[in-house]
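# Analysis of the macromolecular model
Here are the chains, one letter per residue:
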Amino acid sequence: MTSRRALLRLVAGASLGPTLARSSLAWAGAAITHETGAAADVRPRNLRVEWLRAPLGIDTPRPRLTWTLAARSPQMRSLEQSACQAIIASSRAAASSGRGDVWDSGRLETAAPRAVPNHDLPLSSQTPYWWATRVWDGSGRASPFSGPASFTTGLMSAADWRARWIAAGPDWAPSPEPPPAVNRSPPLQPRPMPLLRREFRIDKPLRRAVLSLCGLGQHELRINGRRASASVLDPGWTDYRKTVLYDTLDVSRLLRVGRNALAVLLGNGFYNVEKYPGRYTKLVGSFGRPRLILQLRLSFADGTEAAIVSDAEWRAHSGPIVLSSVYGGEDFDARLEPHGWDGPGFADERWVAATEVAGPGGSLRGQGTPGITVARTLAPVACTIPRPGVFVYDLGENFAGWPTIAVRGAAGRRVRLLPGELLDAAGLVTQRSANASPGNEVSFSYTLAGTGVERWRPRFSYYGFRYLQIEGAVPAGIAAAGEPELLEVRGEFLHARLDRAGVLESGNPLLQRVHGLILQALLSNTFSVLTDCPHREKLGWLEQTYLNADTVFYNEDAITLYEKMLRDMMDSQLPGGLVPAIAPEYVAFLDADGANSAFRDSPEWGAAIVLSPWAAYCYTGDRRILEIGYGAMRRYTDYLTGRAVGGLLDYGLGDWYDIGPKPPGESQLTSKALTATATYCRILITLAAIARLLGKGADARRYSRLAAQARRTLNARLLDPDSGSYDRGSMTANAMPLAIGLVPHRHRGAVLEKLLADIRARRNHVTAGDIGFHYVVLALMEAGRGDVLYGILTRSDPPSYGAQLARGATALTESWDASPQHSQNHFMLGHAETWLYGGLAGIRIDMHRAPEERIRIAPQPVDGIAAAAARYNCVLGTVASAWRKENDKLLLRIEVPPGARARIEVPALAAADIRESGIPLHRARGIHRIREAAPKVFITVGSGVFELELPLPPKAAAADA
């Protein structure tokens, strides 16, 4: 289908949820009815608490309530909210009637679709609440109250925890601090993971049952023989000495009158990482023996209540998970699983009493991020037999997850599963891209119980892989008598259950595949932190949290994850202010003399403490993340100021993985002084803005002065005014000052030309690495050079995204050349999304700007693409942009959500050249302001759907099929 015929059908009102279909966006050409905003109605929808829909486990006494607006008719324009009222009630009936017996905001004169109590509410623990909101439109007409939405609290204070931490035996001593990176610990024989259970009776009708628990390192809760939650790998990873996350569940449907059983399996996770013989591990460190805390609140129909808590009444026994390693894999012996242990009536007299132990030290906090779930199930696309008895399954794509099998055979037979990203020359799975190897492997194994068809998957360990090598069982149909039969093989793709935020149609098959490459890597690394890779390290390297913030937020509703990662950074911050390069800091990267190495202390990584919360604020407009992190931001910025020598910071990793004459690693083409000092400037500029926003005038003035001083020093020391080039003249060196706004105005043109000349000289190949490529994309996009970015992103020879695809990559690789020696599933170079969404489709969100500029639609049509489109669910609602070329015209369709305004930037010489829905622009409804600044026209619009038609710029007027 040609781009002329397809024209990107942008579907009006399509939902962007977690199960978003991959169908193309559509161009909707429906006629627009022009109605004035004065007669329009708006109503609230998409009600959320703490960014979540109907959440369980809210433990803040001032919950944030947010919503978006819906129009009475989709054809209406310039709809606004002038005021709102939110209520919180103790019953659905009260909320439905508009009675806030817990909290009533009263009428708030605000256009913001949110309400936050200005005092602590008297919320009870493990209790459901209902809330509703109504809004007033621009002419002062009130909407009805929304239908009630719910939230359920967790434990509102430490004093509300009546439960005790319990374990299967006495604790062992944890490490007092993160272990150094050098792993000299001797291998240990693995300890079987414990099972914990407790039976109790319910003798009268139950109204509600709310359960809160934390099993460390990870847990699976079963009630009366059934899993209690679809989430896996709970709870999220933290520095357990500072913060411990717990889950809250409504388990009413799983309980019954009579005998009931609570049963918990525990795994090690990052809580207890040990070295095991023959198994790979990145690091070794323990917070202690696996343990559990659990509290169940039972509310009965007669108004009475009871509680079941973890204590010495629980029973413990070793379980069938005989090896549990977040790095090395998992071994399961089904013969060791007591039949019926997770249900009522099981005889546990020979089990031992659980031991009450101390907690790991961290404060218990509700897990505010959506859990990790099985997002998709993958079936094999091929199976080979590289040697007798060895079966290699190709699951078709590289993903983060685990294998599942169905097998039948005699008790004691062992099935071994070896996952990997690549195959070696003999067709066997190799783990070299993840630094593992034979004798130091990552594997899973299942020992049969001999009970018929047995289905199994790991519970507490996952991996990044495409291929699965299986030994010990033979595919059904070719198995000889007595051989275990392999009845089914699948892969389960795991990632955090964040809603999909955006969808993109690039109008170019290669660009669409590049987008898919980046998205696959992003999802594969979205867990309770943004991991670097799903196999070798699984660590939260911080630079990607802000450099790739566009990639994350355009594709995922990630605010809860960013709030959690801020807490991780704050917990990891050292007393002197240093923010380590990873958080949680499970391993300290030290030099041989015990000093911090560049892998622990690099300004481009520590900058995340300031720049990641800022990115989250710019996408959401919520200041709370800045308020929470402000003290830590100041301490880190002051730490960097103290490290400057002669006004420059000259240390760290620099432009990691740039392309130079040596193998990739620390920066080769750009000095560390350039990247570190430019990053320092960006931190100071941003922190000054944050201080102004928070009303801290003295801090704002101080950091503004430091920013101006650092900028002057950078330009005096690293800018050659004669050549118009920074540092050594690399792409990174010239792009960073341009993108951050550090280049003196008189030199901007020359520096940009140096950047462009370097790109042209390399035939549209980039040399920038992990740090620099972000700024190359920004500098070119802000300069309006989408044509250059298009040239870069459509190369198919190395180094390029296209070359990765040509080598068979299905997820973005660690290095530009997709070297098999390096990870095949990294999203650190995924900066192309900034231009694909923000430049090519043209959707840009910045809630720090004035209201009419928070949504900017500035598409960059380029030669070679006939049409492009994107939809994005922002905090204000759905924003959509679709354009196509038709003969010598550019047709642009824009959707702005009710309650918002937007600035549209189009390539036109004069407003008179533009028509909207067939009429001259100046006569169109919903147009608030028009400004001409050739070669662009800037149009400020209210909400609604707008269809613009304008002449194509001469260079772009060529037909694109």
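These lines cover the structure that appears in this document, whether it is placed above or below.

Calculation rules
Residues numbered from 1 in each chain as written. Predicted model: local features only at pLDDT ≥ 70, side-chain atom pairs only at ≥ 80, totals over all residues. Heavy atoms only, no water. Helix = DSSP H or I, 4+ residues; strand = E, 2+ residues; numbered from the N terminus. Rg over C-alpha atoms; globule rule 2.2 N^0.38 Å. Buried < 20%, exposed > 50% of the residue type's maximum accessible area, 1.4 Å probe, protein only. Contact = heavy atoms within 4.5 Å. Areas by Shrake-Rupley, 256 points an atom, 1.4 Å probe, with all protein chains shown as cover. Lys, Arg positive; Asp, Glu negative; His and termini not counted. Charge placed at Lys NZ, Arg CZ, Asp CG, Glu CD. Polar contact = N/O pair within 3.5 Å; in protein donor to acceptor, adjacent residues only side chain to side chain. Salt bridge = Lys/Arg side-chain N within 4 Å of Asp/Glu carboxyl O. Pairing = 2+ DSSP bridges. Axes fitted to C-alpha atoms, helices over the stretch in contact; angles between N-to-C directions. Core = buried A, V, L, I, M, F, W, Y, C linked by side-chain atoms within 4.5 Å. Phe/Tyr/Trp six-rings, centres within 6.5 Å; stacked < 30°, edge-to-face > 60°. Lys NZ or Arg CZ within 6 Å of the ring centre and 35° of its normal. Expected span 1.5 Å × (residues − 1).

### Looking at the overall build of the protein chain
Assigned secondary structure in the protein chain consists of 17 helices and 50 strands. Relative to the globule expectation of 30 Å for 961 residues, the C-alpha radius of gyration of the protein chain, 29 Å, shows essentially globular dimensions. Structurally, the protein chain occupies a C-alpha span of about 85 × 70 × 60 Å along its principal axes. Here the protein chain, with 961 residues, has 62% of them falling under the buried criterion. Sequence-distant contacts, at least 24 apart, represent 75% of the contacts inside the protein chain between residues at least 6 apart. Looking at the protein chain as shown, the accessible area adds up to about 34,200 Å², and 50% of this sits on carbon and sulfur atoms. In the protein chain, which carries 110 positive and 94 negative side-chain charges, the distance between the mean positions of the two groups comes to 3 Å.

### Quick notes on the side chain of Arg 459
Looking at the element boundaries, Arg 459 is found in the loop between strand 33 (454-456) and strand 34 (463-471). Judged by relative accessible area, Arg 459 falls into the buried class, the value being 15%. Within polar-contact distance, the side chain of Arg 459 engages the side chain of Glu 220 at 2.8 Å. With near-sequence residues (within four places) excluded, Arg 459 lies in contact with Glu 220, Arg 222, Leu 233, Leu 265, Ile 321, Glu 330, Phe 332 and Trp 402.

### Quick look at the environment of Ala 301
Within the secondary structure layout, Ala 301 lies in the loop between strand 18 (291-300) and strand 19 (305-309). Assessed through its relative accessible area of 56%, Ala 301 is described here as exposed. Considered as a pair, Ala 301 and Leu 718 are 417 residues apart in the sequence and their alpha carbons are 74 Å apart. Beyond its immediate stretch of four places on either side in the chain, Ala 301 contacts Pro 205, Leu 206 and Arg 207.

### Focus: the pattern of salt bridges
One pass over the structure, following the stated rule, counts 58 salt bridges. Glu 666 is paired through a salt bridge with Lys 672; the nearest N and O atoms lie 2.6 Å apart. On the basis of relative accessible area, Glu 666 is assigned to the partly exposed category, the value being 34%.

### Quick notes on the pairing of strand 44 (residues 889-896)
Extensive coverage of strand 44 is indicated by the burial of seven of its eight residues. Examined bridge by bridge, strand 43 (residues 877-886) and strand 44 share seven bridges and lie antiparallel to one another. Note that in strand 44 the partner of Lys 885 across the bridge is Leu 890. Taking the residues that link successive antiparallel strands as the turn, the strand 43-strand 44 hairpin has two residues, and the phi of Asn 887 there is positive, at about 60 degrees. Of the strand pairs in this sheet, strand 44 and strand 50 (residues 944-951) are connected by eight bridges, and their pairing is antiparallel. Of the residues in strand 50, the one forming a bridge with Ile 894 is Phe 946.

### Concerning the sheet that holds strand 41 (residues 855-857)
Two pairing modes exist for strands in a sheet, parallel and antiparallel, and in both the strands are linked by backbone hydrogen bonds. The five strands lie next to each other as 40-41-45-49-48, forming an open sheet whose pairing is mixed. Looking along the sheet, the strands with just one partner apiece sit at the ends: strand 40 (843-845) and strand 48 (927-933). Across the sheet, the mean angle from the axis of one strand to that of its neighbour is 20 degrees, orientation sign disregarded.

### What about the sheet that holds strand 13 (residues 226-227)?
Spatial strand order, 13-12-15-10-20-23: six strands in an open sheet with antiparallel pairing. Only two strands of the sheet have a single neighbouring strand rather than two, namely strand 13 and strand 23 (352-353). Inspection of the sheet shows strand 10 (residues 194-202) paired to strand 15 (residues 258-267) by eight bridges, in the antiparallel sense. Note on strand 15: the bridge partner recorded for Ile 202 is Gly 258.

### What to know about the nonpolar core
Ranked by size, the top nonpolar core spans 234 residues in total, and within it Leu 539, Tyr 562, Trp 835, Val 906 and Ile 939 carry the most contacts. Apart from residues no more than four positions distant in its own chain, Leu 539 is found in contact with Phe 270, Leu 283, Tyr 327, Leu 530, Thr 531, Asp 532, Ile 582, Tyr 586, Val 587 and Phe 589. Counting 26 residues, the second largest nonpolar core, distinct from the first, contains Ala 209, Ile 223, Leu 255 and Trp 314.

### Some words on the pairing of strand 28 (residues 390-408)
Counted residue by residue, strand 28 has 17 buried out of 19 residues, so it is predominantly covered. Taken together, the four bridges between strand 27 (residues 382-387) and strand 28 define a ladder with antiparallel strand orientation. Of the residues in strand 28, the one forming a bridge with Thr 384 is Val 392. With eight bridges joining them, strand 28 and strand 34 adopt antiparallel strand pairing. Its bridge partner being in strand 34, Phe 399 is matched across the sheet by Phe 465. Of the strand pairs in this sheet, strand 28 and strand 33 are connected by three bridges, and their pairing is antiparallel. Residue pairing across strands places Ala 406 opposite Arg 455, the latter belonging to strand 33.

### Quick look at the side chain of Arg 197
Tracing the chain through its elements places Arg 197 in strand 10. Taking relative accessible area as the criterion, Arg 197 reaches 0% and is therefore assigned buried. Within the structure, the side chain of Arg 197 is placed 2.7 Å from the backbone oxygen of Gly 343, a separation counted as a polar contact. Of note is the side chain of Arg 197, whose polar atom sits 2.7 Å from the side chain of Asp 348.

### Observations regarding the packing of aromatic side chains
In this description, an aromatic ring pair is defined by two values, namely the gap between the centres and the angle between the planes. Following the criterion strictly, the structure yields 36 aromatic pairs and no others. Summarising the aromatic geometry, the rings of Trp 614 and Tyr 617 are spaced 5.2 Å apart at their centres and angled 40 degrees between planes, so their arrangement reads as tilted. Separated by three residues within a single helix, Trp 614 and Tyr 617 lie in helix 8 (residues 608-620), roughly one turn from each other. Like Trp 614, the residue Tyr 617 is buried in the burial classification. Measuring from ring centre to ring centre gives 6.3 Å for Tyr 619 and Tyr 872, while their planes differ by 75 degrees; the resulting arrangement is edge-to-face. Residue Tyr 619 is found in helix 8, and its partner Tyr 872 is found in strand 42 (residues 867-874); the two are separated by 253 residues along the sequence. The two residues Tyr 619 and Tyr 872 agree in class, both being buried. These aromatic residues form a ring-pair network of at least three members: Trp 237, Tyr 240, Phe 270, Tyr 271, Tyr 280, Phe 287, Tyr 327, Tyr 462, Phe 527 and Tyr 586. Just above the ring of Trp 136 sits the side chain of Arg 107; from NZ or CZ to the centre is 4.5 Å. The side chain of Lys 204 reaches across the aromatic face of Phe 300, ending 5.0 Å from its centre.

### Things to note about helix 10 (residues 672-693)
Between the first and last C-alpha of helix 10 there are 31 Å, a value that for 22 residues agrees with the 32 Å anticipated at 1.5 Å per step. Across the 22 residues that make up helix 10, a large majority, 18, are buried. Of the residues flanking the end of helix 10, it is Gly 695, one or two places downstream, whose phi is positive at about 75 degrees.

### Comments concerning unusual backbone geometry
Here Leu 216 and Gly 217 are connected by a cis peptide whose omega angle stands at 0 degrees. Cis peptide bonds are those with omega within 30 degrees of zero, and the linkage from Ala 934 to Pro 935 qualifies with 15 degrees. Tracing the chain through its elements places Pro 935 in the loop between strand 48 and strand 49 (936-941). Positive phi is not limited to glycine here, since Lys 538 has a value of about 60 degrees. In this structure, Lys 538 sits in the loop between helix 3 (509-524) and helix 4 (543-547). For Asp 727, which is not glycine, the phi dihedral falls at a positive 55 degrees. On the secondary structure map, Asp 727 appears in the loop between strand 39 (725-726) and helix 12 (731-740). Take Asp 727: its relative accessible area is 26%, and that puts it in the partly exposed class.

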